[in-house]
Amino acid sequence: MGSVKLENVRKTFDPNITVVHDVNLLIEDKEFVVLVGPSGCGKSTTLRMIAGLEEITSGNISIDNVVVNDIPPKDRDIAMVFQNYALYPHMNVFENMAFGLKLRKYEKAEIQKRVNKAAGILGISQLLDRRPKALSGGQRQRVALGRAIVRQPKVFLFDEPLSNLDANLRVQMRTEISRLHHQIETTMIYVTHDQVEAMSMGDRIVVMKDGYIYQVDTPLNIYNFPANKFVASFIGSPTMNFMLGKVQNGEMHSFAIADNSFSLPLPESLKSKLSQFAGQEVILGIRPEHIHTIQQSQSPTLVSVNVDIEVLETVGNEMFVYFSLQNSKSKDHFVARVPPDTRLKVGSPFSLYIDTSKLHFFDKATEKSI
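All of these numbers come straight from a predicted model, not from anything done at the bench.

Visitor: It is not clear to me how the sheet that holds strand β1 (residues 4-14) should be interpreted in this structure. Could you clarify?
Guide: Across a sheet, strands are paired by hydrogen bonds formed along the backbone, either parallel or antiparallel in direction. Read across the open sheet, the 4 strands follow the order β2-β1-β4-β5; overall the sheet is antiparallel. Either end of the sheet is taken by a strand with one partner, and the two such strands are β2 (17-27) and β5 (66-67). Sheet topology places β1 next to β2; 7 bridges connect them, and they run antiparallel. In the sheet register, Val9 faces β2, and the bridge partner there is Val23. With respect to the sheet, helix α1 (residues 43-51) is in contact with β1, β2 and β4 (58-63), its orientation differing from that of β1 by roughly 115°.

Visitor: What should I look at first to understand the pairing of β4 in this one?
Guide: The side chains of a regular strand alternate between both faces of the sheet. Sheet analysis places β1 next to β4, joined by 5 bridges and oriented antiparallel. Looking at β4, one finds that Glu7 is bridged to Asn60. Joining the antiparallel neighbours β4 and β5 is a turn of 2 residues, in which Asp64 adopts a positive phi near 55°.

Visitor: Please explain the pairing of strand β3 (residues 32-36) as it appears in this structure.
Guide: Counting buried positions along β3 yields 5 of 5 residues, so the element is predominantly enclosed. Of the two faces of β3, the one lined by Phe32, Val34 and Val36 and the one lined by Val33 and Leu35 are each fully buried. Where β3 lies against strand β8 (residues 187-192), 5 bridges are found, and the strand directions are parallel. Each residue of the ladder has a partner; that of Val34, found in β8, is Tyr190.

Visitor: Sorry, what's going on with unusual backbone geometry here?
Guide: Peptide bonds are trans in most cases, and residues, glycine excluded, mostly fall at negative phi. Backbone torsion omega between Ser237 and Pro238 reads -5°, so that peptide bond is classified as cis. Phi at Asn327 takes a positive value of approximately 65°, unusual for a residue other than glycine. Mapped onto the elements of the fold, Asn327 is located in the loop between β17 (319-325) and β18 (334-338). With relative accessibility at 74%, the residue Asn327 sits in the exposed group.

Visitor: Could you clarify how one ought to interpret helix α2 (residues 93-103) in this entry?
Guide: Residues three or four positions apart in an α-helix share a direction because the helix packs 3.6 residues into each turn. Taken together, the buried positions of α2 are occupied by Val93, Phe94, Asn96, Met97, Ala98, Gly100 and Leu101. Buried residues along α2 sit against α3 (108-122) and α4 (137-149). The N-cap residue of α2 is Asn92: its side-chain oxygen and the backbone nitrogen of Phe94 are 3.2 Å apart. Two residues or fewer after α2 comes Lys105, characterised by a positive phi angle close to 60°.

Visitor: So what exactly am I meant to see when it comes to the environment of Val23 here?
Guide: Here Val23 is to be found in strand β2. Take Val23: its relative accessible area is 3%, and that puts it in the buried class. Residues Val23 and Lys11, 12 residues apart in the sequence, show an inter-C-alpha distance of 9.5 Å. Every residue in contact with Val23, bar those within four places of it in the chain, is listed here: Leu6, Glu7, Asn8, Val9, Gly211 and Ile213.

Visitor: Just to check I follow, could you spell out the packing of aromatic side chains for this structure?
Guide: What describes a pair of aromatic rings is the distance from one ring centre to the other and the angle between the planes of the rings. According to the stated counting rule, one finds 8 aromatic pairs in the structure shown. Measuring from centroid to centroid gives 5.8 Å for Phe323 and Phe334, while their planes differ by 40°, and the two rings are tilted. Separated by 11 residues along the polypeptide, Phe323 in strand β17 and Phe334 in strand β18 bring together distant segments of the chain. Here Phe334 falls in the buried class, since its relative accessible area comes to 4%. Counting every residue linked through ring pairs, the aromatic cluster contains Phe32, Phe156, Phe158 and Tyr190.

Visitor: Sorry, what's going on with the environment of Val335 here?
Guide: As for its placement among the helices and strands, Val335 is situated in strand β18. Remark: the alpha-carbon pair of Val335 and Ile177, spanning 158 residues in sequence, is separated by 33 Å.

Visitor: What is the right way to look at the sheet that holds strand β19 (residues 349-355) in this model?
Guide: Taken in spatial order, the 5 strands of this open sheet run β15-β19-β16-β17-β18, and their pairing is antiparallel. Each edge of the open sheet carries a strand with a single partner, namely β15 (291-292) and β18. Direction of pairing for strand β16 (residues 302-314) relative to β19: antiparallel, over a ladder of 7 bridges. When the bridges of β19 are listed, Asn306 appears paired with Ser351.

Criteria and cut-off values
Per chain, residue numbering runs from 1 following the sequence as it is written. Local features in a predicted model are, by the rule used here, given only for residues with pLDDT of at least 70; side-chain atom pairs are given and counted only at 80 or more, and totals for whole chains, interfaces and linings are based on all residues. Think of the side-chain values as coming from all heavy atoms in the structure, minus any hydrogens and water. A pair of strands is labelled paired if DSSP reports no fewer than 2 bridges between them. Counting from the N terminus, the helices are the DSSP runs of H or I reaching at least four residues and the strands are the DSSP runs of E reaching at least two. Two residues form a contact once any of their heavy atoms are found within 4.5 Å. Note on geometry: axes are lines fitted to C-alpha atoms, helical ones only across the stretch in contact, with angles between N-to-C directions running from 0 to 180 degrees. Partly exposed residues are those whose accessible area sits between 20% and 50% of the maximum for their type, while under 20% is buried and over 50% is exposed, using a 1.4 Å probe and protein chains only. Pairing of N or O atoms within 3.5 Å defines a polar contact, subject to two protein rules: one partner must be a possible hydrogen donor and the other a possible acceptor, and residues neighboring in sequence count only if both atoms are side-chain atoms. Two rings from Phe, Tyr or Trp (for Trp, the six-membered ring) form a pair when their centres sit within 6.5 Å of each other. Planes less than 30 degrees apart are called stacked, planes more than 60 degrees apart edge-to-face, and all others tilted.

Just geometry here; none of it tells us what the structure is for.
This is the structure we're talking about:
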C-alpha cells in the first residue's frame, strides 16, 4: 500500500513566514495526484516535506499508515524525480539507474533484471552504455525516471520534472509519465505550475495558493465547478473572463453589468441561488470557449452581445478574439476562443454569443462560488 496522509501539516521558516498552512490531504494507494498553483504557493515545499527533505513545523505525515515525521528520507520508501535530473556525469545510464540499488546491496542479478525491465518500459535499452552528456533532455529525463522505477518504491514524487524541456517534448513526456503510472500502478504525487499538465495527468488535482489548499477534486469537476474565483481563473487557458455586475430582481432574474450597458438572463439552475443576492453586486465568470460566433451554434441559451474587436490571435486550430463590450463605460477586456476560419476584422463591431448555461457567479466579498 502507498497511501499518503497529511494531517494539519504546517511549515514555518520564520515566526512571520509560514509557507504551508495546516494542510490536510489524503492520497489513496495507486492514485496520481497533482499539486498545482503559482510560484511560491507551497506545493514544492509540501512535496519536500513528504520526502523528508524539509522538516515539518507541526502536524503529521503518514505513508502506508505509518507516521514518518522522524524517519529519514532514505527509509521512507519513496523515490523522487527532480527538475534537473541529478544524474552522475561520470557514470553511464546503466550505472546511474543501478546506483541506488548498489547502495542497498542488491544482488547483481537482481540489479540487472530491474534495470533492464525499467529501460524496456521507458524505451532506453539501447542507451544503457552512454554517459548523460551524450543524451538529449528527454532521454536524460527517462533515465531519471528509470532510476526511480528500479527502486520499486511505495510512492513516486515528481518536482516539476518537465520544466527544462521544450514544448513538444513536454507533451510527449507527460504522456509517457501517465502511461508509466498505468503500467507500474504506484502512487504518484506530481508538482507543477502548469495547469495543462495538471488537467491532463492527474486523477485528482490539488489547487494551492499562498500555502493553502483551495480545492481538491477531479480535473473535470475543478474545471466545471471551481470552488472560488482563484481556482476558476487558474484552471483554463486562456483564463476565465470576469465582470462585475448586479443581480436584478423581478420575475425574470437577470445580471446587469456594472455600468448597465447590457444584461444577461440568468440560467434556471442558478436563479434560486442568486435570488438571495438580488440587488447586490456579484462577479460573473465565463470561459473563452463558452463565447461563440453565430456560425458555431444555434441554441436558446446563447445571448447576443455586441463587441468591438481589438486583437486577433490565430494559433493553428483555433483563434483567440480579444474584445471589449460596445457602449460600455468600463475599460474591461475579454477573450473568446473561436474557430480559426471565422471571418473577423480588428476594429470592426461584431456580435458574439455568450452561453448562459455556462455562467459562473462568485460572491464579491469572499470570491467563493455561488
